[in-house]
Every structure is written in structure tokens, then in C-alpha cells.
Amino acid sequence: MKAVVSLNSGSSSIKFSLFVLDTQGALQFSAGGKIEKIGIAPSLKVRSVEGAILLERDWPDGASLSHADLLADLFAWAAEYPLEGREIIAIGHRVVHGGTEFAAPRLIEPDLLDALEALCPLAPLHQPHNLAAIRAIAALSPDLPQVACFDTAFHRDKPALAARLAIPRALHDQGVRRYGFHGLSYEYIARRLAEIDPALASGRVIAAHLGNGASLCAMDAGRSIDTTMGFTALDGLMMGTRCGSLDPGAVLHLQSQMGMSAAQVEELLYKRSGLLGVSGLSSDMRTLAEAGTAEAEEAMDLFAWRAGREAGALASSLGGLDGIVFTAGIGENDAAMRSRICRRLEWLGLEIDEIANAGNGPLISLPDSKVKAYVIATDEERMIALHTLKIVEKAE
Ligand code: ADP
């Protein structure tokens with residue numbers, strides 16, 4: 001019997017999930033957890049599917065521990081985990097950028113790692129950490145197959161126009177183009193929507209992945225035809241600490257008139273902007289909702305206004321709108337924010353059912369609303385595990 005692990009390795013955290021194959025060949029979530037505060041004071045917590053804590057460790061003086069050090073601890077735990085005769089046959093990774101070349105998940109080989117390394121400048125805050133985890137596991141267990149699942153892949157077949165920036169053609173050919181991200185989340189949502197509401201899934205739908213990172217995806221019959229993130233994960237919606245779409249002239253001004261270096265601008269736009277920058281308080285929507293300050297209120301208003309505006313743009317790409325699906329931390333839990341965004345889409349024919357919305361749906365639009373609205377929990381880890389299993393079984 002087989003088990004598969006999915007890993008999502010970021011700058012300061014590593015999320016992981018262990019899935020086991022049941023007798024029908026379906027993946028069942030068995031345990032999962034998170035290593036947090038890497039580089040400060042790391043901690044590791046693993047929970048079972050029932051929510052029981054299986055392992056808890058803290059390293060208060062562990063600021064110097066690397067991703068590889070901490071993964072070694074996780075590995076030691078996994079080696080002892082009672083898999084009841086099952087064997088971990090592969091590890092799947094979320095890899096943010098697949099560039100122009102990688103349109104589907106791939107088994108990791110040394111050549112592939114080099115090619116993915118070359119894409120680090122396109123996703124400097126994510127890709128290096130994704131690859132660090134792959135290298136760490138290769139060192140710990142050289143024979144264990146690893147699979148890279150790309151966040152860009154779901155958007156690969158969008159129309160050519162949606163991939164082009166209005167800059168000289170040569171730059172497009174060199175890879176300066178709109179890729180789109182959060183693809184594993186959107187792929188999962190497309191699959192779930194097809195189970196929950198097949199008629200809507202075959203229509204024109206905007207999926208709204210609203211977490212710390214946030215984007216929208218325009219799906220036509222379950223395929224991405226446009227999305228708000230572009231060349232990098234900085235474009236589009238306002239996010240927890242990222243600015244989203246910004247007049248490029250502002251970047252020029254920051255550098256040429258205000259004397260900021262490229263590294264300072266990068267830090268400003270990725271880490272000090274968005275909800276944090278506008279509220280002056282926090283990047284966390286819950287904290288802002290409780291704050292009661294005018295600045296926090298304005299940050300939330302701007303978040304909803306920008307989401308409404310970008311949704312309007314995607315409705316144009318789709319030539320109309322049949323439904324919207326909310327997902328990720330804010331999308332799944334923040335009824336007040338969903339309501340604000342839905343009210344900005346009334347002109348498209350969306351009538352929110354506030355009672356259903358307060359109960360987190362799943363259907364949160366009124367019965368005769370022209371545009372349907374749903375809340376669907378995303379599960380990128382499961383999507384990674386599904387891809388990983390398929391790739392490894394094909395390679396066997
Ligand atoms: P990440 O992109 O890091 O995976 P998440 O999808 O976990 O982020 O989303 C984090 C965001 O979701 C934060 O702004 C957080 O405040 C918000 N969030 C999580 N739970 C709730 C909740 N119950 N109510 C409102 N907002 C929530």
C-alpha cells in the first residue's frame with residue numbers, strides 16, 4: 001500500500017500533508033502540519049486527520065536552523081509514523097514558477113532542478129525555498145521520487161492575448177509575459193465545482209483565491225482564460241503585504257526621484273504594502289476587522305474595491321459571468337468581506353443571500369440570482385498529491 005506526501009515550502013514556513021491510498025485507490029488525508037517561524041524561532045506541529053496533535057516541537061534558539069535541518073526532523077518523525085504497512089512512495093512539491101517550458105507536473109531530475117533554479121529571479125521570494133526543500137529531501141533520501149507541481153501550469157493554455165504585456169515583442173520572447181499563479185488552487189476548485197454544480201462549472205466562472213496572497217482566475221468551462229496575477233505574484237489584487245497592480249511609473253519614481261534601490265523597492269512592494277501598508281497596522285484581515293480604526297476600515301474597503309474592479313475586468317475577458325467561487329483564508333471564512341465584494345458585483349446580476357453567506361454557504365447567492373456565488377474550500381495539498389501519484393505510477 002502506498003502513501004504520498006505533499007510539501008509547500010515557503011520562506012518562513014513549510015506546510016505538509018500525508019495522504020494514504022485506500023483500498024479503492026482514493027487518496028485519504030492522514031496527517032499534516034506546519035513548520036513555522038523558520039529563521040526566527042522555528043516550531044513544528046503535526047496533527048492527525050481527527051485533529052489530535054501527533055508531534056509538537058519548538059526551537060526557541062533555532063534562528064540558524066535551515067529548511068534542510070528542520071525537514072530532517074520531520075523526516076525522522078515520518079519514518080516512525082504508523083503507516084500500517086504503507087510506504088511513502090513519493091513527495092510532491094508546490095513549485096511556484098514553471099516558466100514557459102513546464103506546462104504540467106514533472107518528475108524531478110538534476111536537469112530539471114537546474115532549469116527551475118534559472119527561474120528564481122522570476123519568483124525570488126518563493127522559488128528558492130521551493131527548490132531548497134527538494135534539494136534537502138534529495139540529500140536525505142536520494143532514491144525517493146520527487147515531483148514538481150507548478151502554480152503557473154493551470155494558466156498555460158490561456159489565450160495568447162492574456163499572456164502578453166504591452167512591451168516590445170523581444171521581451172515577451174525572453175519570458176517577460178503574464179504567467180499567472182495559484183494554479184493548483186484553481187485546478188482543485190475547477191474539479192470541486194464540477195462535482196458540486198456541473199452546469200455552472202461548464203460556464204463562465206471567476207474563482208477568487210483570497211489568502212495572504214490573492215488573485216482571481218477567469219475560468220471558461222473549467223479552463224483558465226485570464227487571471228489577475230501576471231509576470232510575478234505581485235500583480236492584480238491588493239494582498240496582505242503585496243501591492244497588487246501598480247502604475248509602473250510609481251516604481252520609476254521611487255527609484256529615480258526617491259533614491260530607493262531595486263532591493264528596497266522589492267521589499268516595499270512585496271512585504272510592506274497591501275493591507276499592511278494601507279492600514280499601518282497588520283496584513284491580517286481578522287486583525288483589521290477587529291481594529292476599528294479609520295485606516296483599517298479603508299484598507300478593507302480598498303481590498304473589496306480592487307477585487308470588484310478586477311472581477312469586472314475578468315467578466316469582460318469571459319464575455320459575461322455565470323458564477324463566482326470564493327476560496328482560501330479570507331474567501332472561505334470572512335463573510336463580511338465576501339458580502340462587500342458581492343455587493344460590488346450586483347450590477348452583473350449577483351444577489352447575495354446574506355443568511356447563507358453568514359453560514360459560509362456553500363451556495364451564498366439567492367435562488368433567482370443571475371450570477372451564482374459559492375464558498376468552496378481549496379486543497380492545494382491534495383491536488384499536489386493527486387498529480388504526484390499519477391506521475392510516479394506512470395514512471396513505474
Ligand atoms: P496563505 O496565503 O498564507 O495560505 P491563508 O489562505 O491562510 O493565507 O489566508 C490568510 C488570511 O485569511 C489572513 O488575512 C486571515 O486573517 C484570513 N482569515 C483566516 N481565517 C479567517 C476568519 N475566520 N475570518 C476572517 N479572516 C480569516
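Residues numbered from 1 in each chain as written. Predicted model: local features only at pLDDT ≥ 70, side-chain atom pairs only at ≥ 80, totals over all residues. Heavy atoms only, no water.

- The name given to the protein chain in an unreviewed UniProt entry is Acetate kinase, with the source organism recorded as Sphingomonas sanxanigenens DSM 19645 = NX02.
- Comment text from UniProt for the protein chain, heading Subunit (unreviewed entry), reads "Homodimer."
- Looking at the Function (unreviewed entry) heading of the UniProt record, one finds this comment for the protein chain: "Catalyzes the formation of acetyl phosphate from acetate and ATP. Can also catalyze the reverse reaction." (UniProt positions renumbered as here; feature names shortened; annotations may be inferred.)

## Brief notes about the UniProt feature "binding site: Mg(2+)" (unreviewed entry) in the protein chain
- Under the UniProt annotation, "binding site: Mg(2+)" (unreviewed entry) lies at Asn8 and Glu380. For the residues just named, distributed over 373 residues, the greatest C-alpha separation is only 9.0 Å, placing them together at one site.
- Tracing the backbone through its elements, the reader meets Asn8 in strand S1 (residues 2-9).
- Classification of Asn8 as buried rests on a relative accessible area of 11%.
- The residues contacting Asn8, other than those within four sequence positions of it, are Ser13, Ile14, Lys15, Arg94 and Glu381.
- Mapped onto the elements, Glu380 comes out in helix H16 (residues 380-395).
- If sequence neighbours within four positions are ignored, Glu380 has contacts with Arg94, Leu184, Ser185 and His209. (Helix = DSSP H or I, 4+ residues; strand = E, 2+ residues; numbered from the N terminus. Buried < 20%, exposed > 50% of the residue type's maximum accessible area, 1.4 Å probe, protein only. Contact = heavy atoms within 4.5 Å.)

## With respect to the site of the ligand
- By nearness alone, every residue bordering the ligand is listed as Lys15, Gly211, Asn212, Gly213, Asp284, Met285, Arg286, Ala328, Gly329, Ile330, Asn333 and Asp334.
- Here an oxygen atom of the ligand and a side-chain polar atom of Asn212 are 2.8 Å apart.
- Across the complex, the protein chains shield 70% of the 570 Å² of accessible surface that the ligand would expose by itself.
- Counting residues per element, the ones that place at least two in the shell around the ligand are helix H11 (285-291) and helix H13 (328-333).
- Sorting elements by how many residues they give to the shell around the ligand places H13 first, with four residues.
- A per-class count over the shell around the ligand returns three nonpolar, five polar and four charged. (Near = heavy atom within 4 Å. Polar contact = N/O pair within 3.5 Å; in protein donor to acceptor, adjacent residues only side chain to side chain. Areas by Shrake-Rupley, 256 points an atom, 1.4 Å probe, with all protein chains shown as cover. Nonpolar A, V, L, I, M, F, W, Y, C, P; charged D, E, K, R; others polar.)

## Topic: the environment of Trp77
- Relative to the elements of secondary structure, Trp77 occurs in helix H1 (residues 67-80).
- Through-space distance from the C-alpha of Trp77 to that of Leu237 is 39 Å; in sequence the pair is 160 residues apart.

## What about the pattern of salt bridges?
- In this structure the tally under the stated criterion is 17 salt bridges.
- Arg178 serves as the salt-bridge partner of Asp226, at 3.2 Å between the closest nitrogen and oxygen. Here Arg178 lies in the loop between helix H5 (169-173) and helix H6 (183-196) and Asp226 lies in strand S11 (residues 223-227), a separation of 48 residues in the sequence. Per residue, the accessibility class of Asp226 equals that of Arg178, and both read buried.
- In this structure, Arg204 and Asp322 form a salt bridge, with 3.0 Å as the shortest nitrogen-oxygen distance. Residue Arg204 is located in strand S9 (residues 204-210), and its partner Asp322 is located in the loop between helix H12 (294-318) and strand S12 (323-327); the two are separated by 118 residues in the primary sequence.
- A residue is classified by how much of its surface remains accessible, and Asp322, at 24% relative accessible area, is partly exposed.
- Linked by salt bridges that have partners in common, Arg94, Asp151 and Glu380 make up one network. (Salt bridge = Lys/Arg side-chain N within 4 Å of Asp/Glu carboxyl O.)

## Considering the nonpolar core
- Of all hydrophobic cores here, the largest spans 58 residues; its most connected members are Leu116, Ile206, Leu210, Phe303, Phe326, Met337 and Ile341.
- Among the elements that make up this core, the one with the highest residue count is H12 (ten residues). (Core = buried A, V, L, I, M, F, W, Y, C linked by side-chain atoms within 4.5 Å.)

## Describing the packing of aromatic side chains
- For the structure on display, the rule yields three aromatic pairs.
- With 5.7 Å between their ring centres and 70° between their planes, Phe19 and Phe29 make a pair best called edge-to-face. Placement of the pair is Phe19 in strand S2 (residues 14-21) and Phe29 in strand S3 (residues 27-36), with a sequence separation of ten residues. (Phe/Tyr/Trp six-rings, centres within 6.5 Å; stacked < 30°, edge-to-face > 60°.)

## Overview of helix H2 (residues 110-117)
- Buried residues of H2: Leu112, Leu113 and Leu116, and no others. Seen along its axis, H2 keeps its buried residues to an arc of 100°; they face one direction. For H2, the exposed residues lying more than 90 degrees away from the buried face are Pro110, Asp111 and Asp114.
- Summarising the contacts, the buried residues of H2 are in contact with strand S6 (87-95), strand S7 (106-107), helix H3 (127-140) and strand S8 (146-150). (Arc of directions from axis to C-beta.)

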